[in-house]
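So the chains spell out like this:
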Amino acid sequence: MKLKIGDRVEFDFLGIIEVGIIERISPPSHGVDQELRYFINDGSYIYPIKVKKIKKKL
């Protein structure tokens with residue numbers, strides 16, 4: 001699935017399905033976790049989500 005800034009997505013955060021818009025994409029850090037983080041805004045909060053937690057693009 002191709003994702004970009006501005007896409008509206010459905011994602012899983014702590015077992016709860018949420019809907020929001022991707023505001024920014026963070027490149028992998030030099031630490032142990034080498035995955036991209038998608039920062040998704042649902043109107044109230046910004047969630048740092050890995051791509052495997054994004055269910056679908058709306």
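The structure presented is a predicted model; accordingly, all values stated were derived computationally and were not measured. (Residues numbered from 1 in each chain as written. Predicted model: local features only at pLDDT ≥ 70, side-chain atom pairs only at ≥ 80, totals over all residues. Heavy atoms only, no water.)

K.L.:
Looking at this model, I keep getting lost on the pattern of salt bridges. Mind explaining?
P.N.:
If the charged atoms of two oppositely charged side chains come close together, the side chains can form a pair. Applying the stated criterion across every chain yields a total of three salt bridges. For D7, the salt bridge goes to K4, with nearest N and O atoms at 3.4 Å. We note a salt bridge from D7 to K57, for which the minimum N-O separation is 3.5 Å. Of this pair, D7 sits in the segment before strand 1 (8-13) while K57 is found in strand 5 (residues 54-57), placing the two residues 50 residues apart along the sequence. Of the residues examined, D7 reaches a relative accessible area of 8% and is grouped as buried. Connected through shared salt-bridge partners, K4, D7 and K57 make up one network. (Salt bridge = Lys/Arg side-chain N within 4 Å of Asp/Glu carboxyl O. Helix = DSSP H or I, 4+ residues; strand = E, 2+ residues; numbered from the N terminus. Buried < 20%, exposed > 50% of the residue type's maximum accessible area, 1.4 Å probe, protein only.)

K.L.:
Could you clarify how one ought to interpret the pairing of strand 4 (residues 46-50) in this entry?
P.N.:
Side-chain positions along a regular strand alternate between the two faces of the sheet. Only one face of strand 4 is buried: it carries Y47 and I49, and the other face, with I46, P48 and K50, is open. In textbook terms, the turn of a hairpin is the stretch between consecutive antiparallel strands, and for strand 3 (residues 37-41) and strand 4 this stretch comprises four residues, one of which, G43, has a positive phi near 105 degrees. (Pairing = 2+ DSSP bridges.)

K.L.:
Where do I start with the sheet that holds strand 4 in this structure?
P.N.:
The pairing of strands in a sheet happens through backbone hydrogen bonds and is either parallel or antiparallel. Spatially, the five strands line up as an open sheet ordered 4-3-2-1-5, and their pairing is antiparallel. If you trace the sheet from one side to the other, it starts and ends with strand 4 and strand 5, each paired once. Along the sheet, successive strands turn relative to each other by an average axial angle of 45 degrees, direction set aside. (Axes fitted to C-alpha atoms, helices over the stretch in contact; angles between N-to-C directions.)

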